[in-house]
Amino acid sequence: MDYELSHLRMLEAESIHIIREVAAEFERPVLLFSGGKDSVVMLHLAAKAFWPARLPFPVMHVDTGHNFVEVIEFRDRTVERLGLRLVVASVQESIDAGRAVEETGPRASRNRLQTVTLLDAIEANRFDAVFGGARRDEEKARAKERVYSFRDEFGQWDPKNQRPELWSLYNGKHRKGEHIRVFPLSNWTELDIWQYIAEEDIELPPIYYAHHREVFRRDGMLLAVTPFVTMMDTEETFEALVRFRTVGDATCTGAVESAATTIDDVIVETAATRITERGATRADDRISEAGMEDRKKEGYF
């Protein structure tokens, strides 16, 4: 019977193909799972790829220790529901071991410290392929990535020296100590992600939908009031109806004012926006035009 696959089913098929290729080609893959919408979709695709068997590789959360409570609860509930093996790479342990130096002051964040923790965890567990949920429409540097992104023995990325991927053929060749970052969602957009979540009825942490939260305004962003954020004398808190477009370290992840309480509401809102979620709600991406690219060269996600 001839039939035409929908746009979302074509994206799904491509992503599942990539995930299966990695499982067949590499010895010790791992899937980065933060509880954010992109990693949730990636995990859902991986579960589909091997159903009815369990995932043949673990999931890893690089934990800054400054997380939204709702996200950690969702992470643990998902791990238990799917019977996953969870590896937690702790930024706090990196600080305690002297591997990372914590920033100080009201703008301090542990977000950048995740790089050291991630690279140490990759080395300690001898992971040779690391699935990431990055999409090309998120940020300029991520648009330069290939699906298979080579990292040298120092975990570094060279955007000017990447392997061709003609006809969706992926080159995973690497030496001991090197690894490949794999991005199965490369061709997805934020709107695709939300439409797929709706079609597949995928559960997300509740902070992705509009809710009342105590926030304060800083640098044009709404930051949540949490124990991890030091407010300045000139900053005042207030309650607002907000949701989060992306989930990360609570010290640098902003909310957006929104009345979108359902998936359909979010899809309408996402279709109308002209600002990427990272550009609008991640303070760490506002450092400079090349801020993300510099961090990726160092080994960041």
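Worth saying up front: this structure is predicted, and the values here are computed from it rather than measured. (Residues numbered from 1 in each chain as written. Predicted model: local features only at pLDDT ≥ 70, side-chain atom pairs only at ≥ 80, totals over all residues. Heavy atoms only, no water.)

1. Quick look at the overall build of the protein
Scanning the protein from terminus to terminus reveals 9 helices and 10 strands. Relative to the 2.2 N^0.38 estimate, which gives 19 Å for 301 residues, the radius of gyration of the protein is 19 Å and therefore close to what a compact globule would have. Seen through its C-alpha atoms, the protein measures out along the principal axes to roughly 60 × 50 × 40 Å. Out of the 301 residues in the protein, the part that is buried amounts to 53%. (Helix = DSSP H or I, 4+ residues; strand = E, 2+ residues; numbered from the N terminus. Rg over C-alpha atoms; globule rule 2.2 N^0.38 Å. Buried < 20%, exposed > 50% of the residue type's maximum accessible area, 1.4 Å probe, protein only.)

2. Looking at the environment of Thr-117
Take Thr-117: it is sitting in helix H5 (residues 114-125). Along the backbone, Thr-117 and Ala-89 are 28 residues apart, and their C-alpha atoms lie at a distance of 6.3 Å. Ignoring anything within four residues of it in the chain, the contact list for Thr-117 reads Val-62, Ala-89, Ser-90, Val-91 and Ser-94. (Contact = heavy atoms within 4.5 Å.)

3. Describing the sheet that holds strand E7 (residues 211-218)
Judged by pairing direction, the barrel is antiparallel, and its 4 strands sit side by side in the order E7-E8-E10-E9 before closing back on the first. Each neighbouring strand pair of the sheet contributes to a mean axis angle of 65 degrees, computed without reference to strand direction. Note that E7 and strand E8 (residues 221-224) share 4 bridges and pair antiparallel. Residue pairing for E8: Phe-216 is matched across the bridge by Leu-223. (Pairing = 2+ DSSP bridges. Axes fitted to C-alpha atoms, helices over the stretch in contact; angles between N-to-C directions.)

4. Points about helix H7 (residues 263-272)
For H7, the complete set of buried residues consists of Ile-263, Val-266, Ile-267 and Thr-270. Take H7 and look down its axis: the buried residues cluster within an arc of 100 degrees, on one side only. Exposed and oriented more than 90 degrees from the buried face of H7 are Asp-264, Val-268 and Ala-272. On its buried side, H7 packs onto helix H6 (190-200) and strand E9 (237-243). (Arc of directions from axis to C-beta.)

5. A closer look at the domain arrangement of the protein
Domain boundaries in the protein define domain 1 (7-189 + 290-298) and domain 2 (192-286). Its C-alpha centre places domain 1 at a distance of 22 Å from the equivalent point of domain 2. At the interface, 39 residues of domain 1 touch 38 residues of domain 2. Taking both partners together, domain 1 and domain 2 bury about 3,400 Å²; carbon and sulfur atoms supply 55% of that area. Joining domain 1 to domain 2, the criterion identifies 6 salt bridges. Between Lys-48 and Glu-200 there is a salt bridge, with its nearest N and O atoms 3.0 Å apart. Summed over the shared surface of domain 1 and domain 2, the result is 17 residue pairs in polar contact (both at pLDDT 80 or more). (Domains from an automatic or database assignment. Buried area = accessible area lost by both parts, 1.4 Å probe. Salt bridge = Lys/Arg side-chain N within 4 Å of Asp/Glu carboxyl O. Polar contact = N/O pair within 3.5 Å; in protein donor to acceptor, adjacent residues only side chain to side chain.)

6. Re H6
Considered for burial, the residues of H6 that qualify are Glu-190, Asp-192, Ile-193, Trp-194, Tyr-196, Ile-197 and Glu-200. Backbone geometry just after H6 places Asp-201 at a positive phi near 55 degrees.

7. Examining a nonpolar patch on the surface
Together, Leu-166, Trp-167 and Leu-169 give the surface a local cluster of nonpolar side chains, amounting to about 430 Å² of exposed area. Of note, Leu-169 is situated in the loop between strand E5 (148-151) and strand E6 (179-182). Judged by relative accessible area, Leu-169 falls into the exposed class, the value being 55%. (Patch = residues over 30% accessible without salt bridge, like charges linked within 9 Å, V, L, I, M, F, W, Y side chains within 5 Å. Areas by Shrake-Rupley, 256 points an atom, 1.4 Å probe, with all protein chains shown as cover.)

8. Focus: the pairing of E6
The alternating pattern of E6 places His-179 and Arg-181 on one face and Ile-180 and Val-182 on the opposite face, and all of these are buried. Inspection of the sheet shows strand E4 (residues 129-131) paired to E6 by 3 bridges, in the parallel sense. Looking at E6, one finds that Val-130 is bridged to Arg-181.

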